[in-house]
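Close look at the chain arrangement
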Amino acid sequence: MKALLKYPALWKDAAFIGGEWLAQSPHGRYAVCNPANGETLVELPRLGVDAARAAVGAAHEAFLAWRRTTADERAQCLRRWYELIVEHTDDLARLITLEEGKPLAEARGEMKYAASFVRWFSEEARRVRGEIIPAPQASQRIVVTREPVGVAVAITPWNFPAAMITRKAAPALAAGCTMVVKPAEQTPMTALALAELAHRAGIPAGVFNVVTVAGQDAPAVGDALCHDARVRKITFTGSTAVGKILLRHAADGVKKASMELGGNAPFIVFDDADLDAAVDGVMAAKFRNTGQSCIGANRVLVQAGVYDAFARKVVARVAALKVGNGLDDGVQIGPLIDTAAADKSLEHVADARTHGARVLHGGQRHALGACFVEPTVLADMTPSMRVAREETFGPVLPLFRFTTEDEAIALANDTEFGLAAYFYSRDAARIWRVSGRLETGMLGINTGLISNEVAPFGGIKESGLGREGSSHGIDEYTEMKYLCWDGLGA
Ligand code: NAP
């Protein structure tokens, strides 16, 4: 397996703490598997609470020096990290496909996206500015400075093993914070390869640490990391259920917290849409990462006048999707992350069928194995079905029919989530109206692809708190300090 990489040094079997590779743990090791075939890729040390505390200790010690570096020094380190990530994109993409399953072309796309945050925040590092405010007294000067928050703990999901880390680490390091990353149990290899490159880029020991944690230990390790007094920031991407636990931890220590949580994105196609463009958009918004994207289209709402035509076009496109091992040429749909994820998609299909939905395409487990689900299109969906209420997180495209704009908005907003939404229309007045009424943090208008490093990524309602990327992303890692200086004369 290691031979699949051009630079085998990126294949790690150890955690990275304080600039050292930690290969052993008193708790033994755990296996990381390829979801495409179940093969064990590597065994990693199963770190517990003590090692997590040691990582915080290393990050805390490193913070004392890192916060005193100049913005330019931090920018240079990040720039070198970015260049190394770009140089090693092929290997990093291969690691993503091996441990996560997404098609290699998409893994390369993720690496481009992941690298863009490192470049962006290498530039933003030099633009963290304070303020001078006209004082109420003539003898005073009022100055506001921005300081790094301190040690940040990042807990990240498996679905974007690189980008969910760089979207947090790059702004944190740019601001002068240090970080302990706990990647998902299923996708630590990409995180460790990123650590190797950070080390080679000259990012000092302890500034960027990666702890390898088995799934059954995540609650205890998460608790220890979040309750450590030396940690001042908790940044999480993952499910809303776990986000709520971590927010409670944050509340105990009154810590700054950013939460990128679950979604249930509506994708609305109005009668006046460019139908072919809408089909392109929904294919991208639904089937990216085999449907395992937080901003993936979960409910496709189509106006009655174009419903049948849209359904026909979508079915033709879905029928042509190539399913397989993500490393194979031309594959567009890989395995889901594990059998439980495949089971959940199939349960959603079964629930929809029981309640009257029609299966227009697919609907079964794929012959390739337990983690594979056929790309599926369902019609005649209703709001009480499970697909409408929960993230399906799989390659299942459900079509809901609506008649009026008001009905579409009501259906779209009928969820506790508010991460992303999409709609297609060519009527400028409608575009402004609908944009104002959808309850969402991000909105794709006549596009199914909205993620980039320059725009603020994040949700409202139970989809999260805070924003990542953009010029705002770095604010999450700084604190304002207000200096009131008196006795200066008029
Ligand atoms: P998850 O189950 O919430 O896990 C996310 C991370 O939290 C993993 O590292 C996991 O460790 C860890 N974790 C689980 N329980 C924990 C606990 N009690 N204390 C501390 N850490 C704990 O989510 P997932 O299944 O990996 O990811 C899918 C979810 O992420 C979806 O809901 C998706 O919408 C969301 N997501 C959101 C965004 C966004 O930007 N808003 C982006 C991507 C994904 P283990 O892996 O060891 O269990």
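Presented here is an overview of the structure given in this document. (Residues numbered from 1 in each chain as written. Predicted model: local features only at pLDDT ≥ 70, side-chain atom pairs only at ≥ 80, totals over all residues. Heavy atoms only, no water.)

1. What to know about the site of the ligand
Here is the rule: A cutoff of 4 Å decides nearness: a residue is near a molecule or strand if any of its heavy atoms lies inside that distance of it. Any pair of nitrogen or oxygen atoms within 3.5 Å is treated as a polar contact; in protein, a donor-acceptor pairing is required on top of that, and neighbouring residues in sequence qualify only through side-chain atoms on both sides. Working definition of accessibility: Shrake-Rupley area with a 1.4 Å probe, residue cover restricted to the visible protein chains. Runs of E in the DSSP output that reach at least two residues are strands. Runs of H or I that reach at least four are helices, and both are numbered from the N terminus. Side-chain classes are defined by residue name, with Ala, Val, Leu, Ile, Met, Phe, Trp, Tyr, Cys and Pro counting as nonpolar, Asp, Glu, Lys and Arg as charged, and the others, Gly among them, as polar.
Contacts to the ligand come from 30 residues, most closely from Thr156, Arg167, Ser239, Leu261 and Glu391. Contact distances for the ligand include 2.9 Å between an oxygen atom and a side-chain N or O atom of Arg167. Its free accessible area being 910 Å², the ligand has 88% of it covered by the protein chains. Secondary structure elements with two or more residues in the shell around the ligand: α5 (163-175), α7 (218-227), β10 (231-237) and α8 (240-252). By residue class, the composition of the shell around the ligand is 16 nonpolar, nine polar and five charged.

2. As for the nonpolar core
Rules: As used here, the term nonpolar core means buried Ala, Val, Leu, Ile, Met, Phe, Trp, Tyr and Cys residues forming a set that is joined through side-chain atoms within 4.5 Å. To sort residues, take the accessible area from a 1.4 Å probe on protein chains only and compare it with the maximum for the residue type: under 20% means buried, over 50% means exposed, and anything in between is partly exposed. Two residues form a contact once any of their heavy atoms are found within 4.5 Å.
In terms of nonpolar packing, the biggest core is built from 106 residues, with Trp81 and Phe310 touching the most fellow members. When residues of this core are assigned to their parent elements, the largest contribution, ten residues, is made by helix α4 (residues 104-124). Dropping the residues within four chain positions of it, Phe310 is found in contact with Val269, Leu275, Ala278, Val279, Val282, Val300, Val302 and Leu399.

3. Overview of helix α13 (residues 405-413)
Within the sequence span of α13, burial applies to Glu405, Ala408, Ile409, Leu411, Ala412 and Asn413. Those residues of α13 that are buried are in contact with β12 (265-269), β13 (297-303), β16 (396-402), α14 (428-437) and β20 (460-461).

4. Some details on the packing of helix α1 (residues 49-66) against α7
Threshold: What counts as an axis is a line fitted to C-alpha atoms, over the stretch in contact for a helix, and the angles between N-to-C directions run from 0 to 180 degrees. For classification, angles of less than 35 degrees are called roughly parallel, those exceeding 145 degrees roughly antiparallel, those between 65 and 115 degrees roughly perpendicular, and all remaining angles oblique. Rotating anticlockwise by less than a right angle from the far helix to the near helix defines a left-handed crossing, while the corresponding clockwise rotation defines a right-handed one.
Contact pair α1 / α7: the axes reach a minimum separation of 9 Å and the direction vectors enclose 30 degrees. Taken as axis vectors, α1 and α7 run roughly parallel relative to one another. α1 and α7 meet at a crossing whose hand is right-handed. Residue-level contacts link Val49, Ala52, Arg53 and Val56 of α1 to Ala220, Val221, Ala224 and Leu225 of α7. Looking at the contact of α1 with α7 residue by residue, the classes come out as seven nonpolar, no polar and one charged.

5. What to know about the environment of Ala319
Among the structural elements, Ala319 can be located in helix α10 (residues 304-319). The class of Ala319 is partly exposed, set by a relative accessible area of 46%.

6. Describing the pairing of strand β15 (residues 376-379)
So the rule is basically this: By definition, two strands form a pair when at least two bridges between them are found by DSSP.
Side chains Thr376 and Leu378 project from β15 onto one buried face, and the interleaved Val377 and Ala379 project onto a second face that is buried too. Pairing of strand β14 (residues 358-361) with β15 involves three bridges; the strand directions are antiparallel. Looking across to β15, one finds that Val359 is bridged to Leu378. Here three bridges tie β15 to β16, and the two strands are oriented parallel to one another. Bridge pairing links Val377 to Leu397 in β16.

7. Side note on the side chain of Glu391
Rule in force here: Here Asp and Glu are counted as negative and Lys and Arg as positive; His is not counted, and neither are the chain ends. Each reported salt bridge corresponds to a side-chain nitrogen of Lys or Arg within 4 Å of a carboxyl oxygen of Asp or Glu.
In this structure, Glu391 sits in the loop between α12 (386-389) and β16. Of the side chains with opposite charge, Lys344 comes closest to the buried, unpaired Glu391, at an N-O distance of 5.7 Å. In this structure the side chain of Glu391 is engaged in a polar contact, spanning 3.2 Å, whose partner is the backbone nitrogen of Gly263. Those residues within four positions of Glu391 in sequence are excluded, and the remaining contacts are Gly262, Gly263, Cys294, Asn298, Lys344 and His348.

8. Description of the packing of helix α3 (residues 89-100) against α4
Axis separation between α3 and α4 bottoms out at 8 Å; the angle between their running directions is 120 degrees. Between α3 and α4, the interaxial angle falls into the category oblique. Taken as a pair, α3 and α4 cross one another with a handedness that is right-handed. Only Leu104, Ala107, Arg108, Glu110 and Met111 of α4 make contact with α3, whose side of the interface consists of Thr89, Asp90, Leu92, Ala93, Arg94, Ile96 and Thr97. Partitioned by chemical class, the residues of the contact of α3 with α4 number six nonpolar, two polar and four charged.

9. Focus: the environment of Gly263
By the element assignment, Gly263 lies in the loop between β11 (256-260) and β12. On the basis of relative accessible area, Gly263 is assigned to the buried category, the value being 3%. Excluding anything up to four places from it in sequence, Gly263 contacts Cys294, Glu391, Phe417, Leu419 and Ser463.

10. A short note on the sheet that holds strand β5 (residues 131-133)
Spatially, β5-β6-β22 is the arrangement adopted by the three strands of the open sheet, whose pairing is antiparallel. Since the sheet does not close on itself, it has two edges, and those belong to β5 and β22 (478-485), each with one partner. Across the sheet, the axes of successive neighbouring strands diverge by a mean angle of 25 degrees, strand direction being ignored. Here strand β6 (residues 141-148) runs beside β22; their pairing, made up of eight bridges, is antiparallel. In the sheet register, Glu147 faces β22, and the bridge partner there is Glu479.

11. Re the sheet that holds β16
On the basis of which strands lie adjacent, the open sheet formed by seven strands has the order β14-β15-β16-β13-β12-β18-β19 and mixed pairing. Two strands lie at the open edges of the sheet, namely β14 and β19 (442-445), each paired on one side alone. On average, each strand axis in the sheet is tilted by 25 degrees relative to the strand beside it, whichever way the strands run. Each of β12, β13, β15, β16 and β18 (420-424) is contacted by helix α9 (residues 275-287), which is oriented at about 165 degrees to β12, the strand it contacts most. Sheet strands touched by helix α11 (residues 339-354): β14, β15 and β16. Its angle to β15, the strand with the most contacts, is close to 25 degrees.

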